[in-house]
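The chain contents come next:
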Amino acid sequence: MAAESIQVHYKVYNHLSELPTTDANLILEVREICKSAYAPYSRFRVGALALMEDNSKIHGTNQENASYPIGLCAERVLLAAVSSIAPDQKIKTLAISYESDEVDAMAPVAPCGMCRQSLVEYESRFNEPIRLLLSGQTGTIIELNSVSDLLPFAFKHFHLGK
Ligand code: THU
């Protein structure tokens, strides 16, 4: 038997002013983007903003449906957009924020399990870490070096022999 462990390193910023300007601007932008989400059922609006290799930006928001399970998270809407608009480009940084009519958006939230799997697929596709910036409308900001840090033991292409 061998007892092993996995460590995740991440940074916590108390204020936007502690971040480099590019990152602070991404966060300010994604905080606005989430306001345009279509989320009349949960009233929890999420925005995801990708900074691409060429410094262009592509965003996604959650898209809900009266048939609840059909709804899509902002992160997977974003990946579909990125893969359609800029299929050959890596994502350098992904900023995620939210706002809600039900709760205060004063702390960061991390992508759900299904989105983590989708994000890891995208990272594997380009073999390059996607840096994550997570934030609410105010409060602390979390920076992770790679989306894979959110999903240890991910199911990947090589498990299928691909
Ligand atoms: N949601 C996202 O867009 N991303 C996540 O990572 C978590 C949840 C959306 C799905 C649904 O429209 C609403 O937030 C409430 O779950």
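Worth saying up front: this structure is predicted, and the values here are computed from it rather than measured. (Residues numbered from 1 in each chain as written. Predicted model: local features only at pLDDT ≥ 70, side-chain atom pairs only at ≥ 80, totals over all residues. Heavy atoms only, no water.)

Considerations on the site of the ligand
Part 1 of the reasoning: In the vicinity of the ligand, the residues found are Ser-42, Phe-44, Val-46, Asn-62, Glu-64, Cys-73, Ala-74, Glu-75, Pro-111 and Cys-112.
Part 2 of the reasoning: Within the contact set of the ligand, an oxygen atom lies 2.5 Å away from a side-chain nitrogen or oxygen of Glu-64.
Part 3 of the reasoning: Here an oxygen atom of the ligand sits 3.0 Å away from a polar atom, N or O, in the main chain of Cys-112.
Part 4 of the reasoning: Alone, the ligand offers 370 Å² of accessible surface; in the complex the protein occludes 74% of this.
Part 5 of the reasoning: With respect to the detected pockets, the ligand is housed in the largest pocket.
Part 6 of the reasoning: If you list the elements that add at least two residues to the shell around the ligand, you get β2 (44-52) and α2 (74-85).
Part 7 of the reasoning: Looking at side-chain class alone, the shell around the ligand contains 6 nonpolar, 2 polar and 2 charged residues. (Near = heavy atom within 4 Å. Polar contact = N/O pair within 3.5 Å; in protein donor to acceptor, adjacent residues only side chain to side chain. Areas by Shrake-Rupley, 256 points an atom, 1.4 Å probe, with all protein chains shown as cover. 1 Å grid on protein atoms, 1.4 Å probe; cavity = no way out; pocket = protein on both sides within 12 Å on 5 of 7 lines; lining within 4 Å. Sits in = over half its atoms within 2 Å of the grid points. Helix = DSSP H or I, 4+ residues; strand = E, 2+ residues; numbered from the N terminus. Nonpolar A, V, L, I, M, F, W, Y, C, P; charged D, E, K, R; others polar.)

Points about the environment of Arg-45
Part 1 of the reasoning: Here Arg-45 lies in strand β2.
Part 2 of the reasoning: C-alpha separation for the pair Arg-45 and His-9, spaced 36 residues apart in sequence, amounts to 28 Å.
Part 3 of the reasoning: Among the polar contacts listed, one links the side chain of Arg-45 to the side chain of Glu-99, at a separation of 2.6 Å.

A look at the sheet that holds strand β3 (residues 57-61)
Part 1 of the reasoning: Ordered in space as β1-β6-β5-β4-β2-β3, the 6 strands form an open sheet in which the pairing is mixed. Strands at the two margins of the open sheet, each flanked by one partner only, are β1 (10-13) and β3. Here the average twist between neighbouring strands, direction ignored, is 15 degrees.
Part 2 of the reasoning: Inspection of the sheet shows strand β4 (residues 91-100) paired to strand β5 (residues 131-135) by 4 bridges, in the parallel sense. Opposite Ala-95, over in β5, you have Leu-133 as the bridge partner.
Part 3 of the reasoning: Across the sheet, α2 is in contact with β2, β3 and β4; its angle to β3 comes to roughly 140 degrees. (Pairing = 2+ DSSP bridges. Axes fitted to C-alpha atoms, helices over the stretch in contact; angles between N-to-C directions. Contact = heavy atoms within 4.5 Å.)

Observations regarding the nonpolar core
Part 1 of the reasoning: Within the largest apolar cluster, 28 residues are counted, with the highest numbers of intra-cluster contacts made by Val-82, Ile-91, Leu-94 and Leu-132.
Part 2 of the reasoning: Looking at this core, the elements with two or more residues in it are β2, α2, β4, α3 (113-126) and β5.
Part 3 of the reasoning: The element that contributes the greatest number of residues to this core is α2, accounting for 5 residues.
Part 4 of the reasoning: Setting aside residues no more than four positions away along its own chain, Val-82 makes contact with Ala-50, Met-52, Ile-58, Pro-87, Ile-91 and Tyr-122. (Core = buried A, V, L, I, M, F, W, Y, C linked by side-chain atoms within 4.5 Å. Buried < 20%, exposed > 50% of the residue type's maximum accessible area, 1.4 Å probe, protein only.)

Here's the deal with the packing of aromatic side chains
Part 1 of the reasoning: Overall, the coordinates contain 3 aromatic pairs when judged by the stated rule.
Part 2 of the reasoning: Residues Tyr-122 and Phe-126 carry aromatic rings whose centres are separated by 5.4 Å and whose planes lie at 45 degrees to one another, so their mutual orientation is tilted. In this pair, Tyr-122 and Phe-126 both sit in helix α3, 4 residues apart, roughly one turn of the helix.
Part 3 of the reasoning: Classification of Tyr-122 as buried rests on a relative accessible area of 5%.
Part 4 of the reasoning: Overall, Phe-126 belongs to the buried group, its relative accessible area being 17%. (Phe/Tyr/Trp six-rings, centres within 6.5 Å; stacked < 30°, edge-to-face > 60°.)

Quick notes on the layout of surface pockets
Part 1 of the reasoning: Within this model, the largest pocket holds a volume of roughly 170 Å³.
Part 2 of the reasoning: What lines the largest pocket is a set of 13 residues, among which Phe-44, Val-46, Cys-73, Glu-75 and Cys-112 lie closest to the centre.
Part 3 of the reasoning: Sorting the residues of the lining of the largest pocket by element identifies β2 and α2 as the ones contributing at least two each.
Part 4 of the reasoning: The class makeup of the residues in the lining of the largest pocket is 11 nonpolar, 1 polar and 1 charged. (Points joined across faces, edges and corners; volume = space filled by probe spheres on them.)

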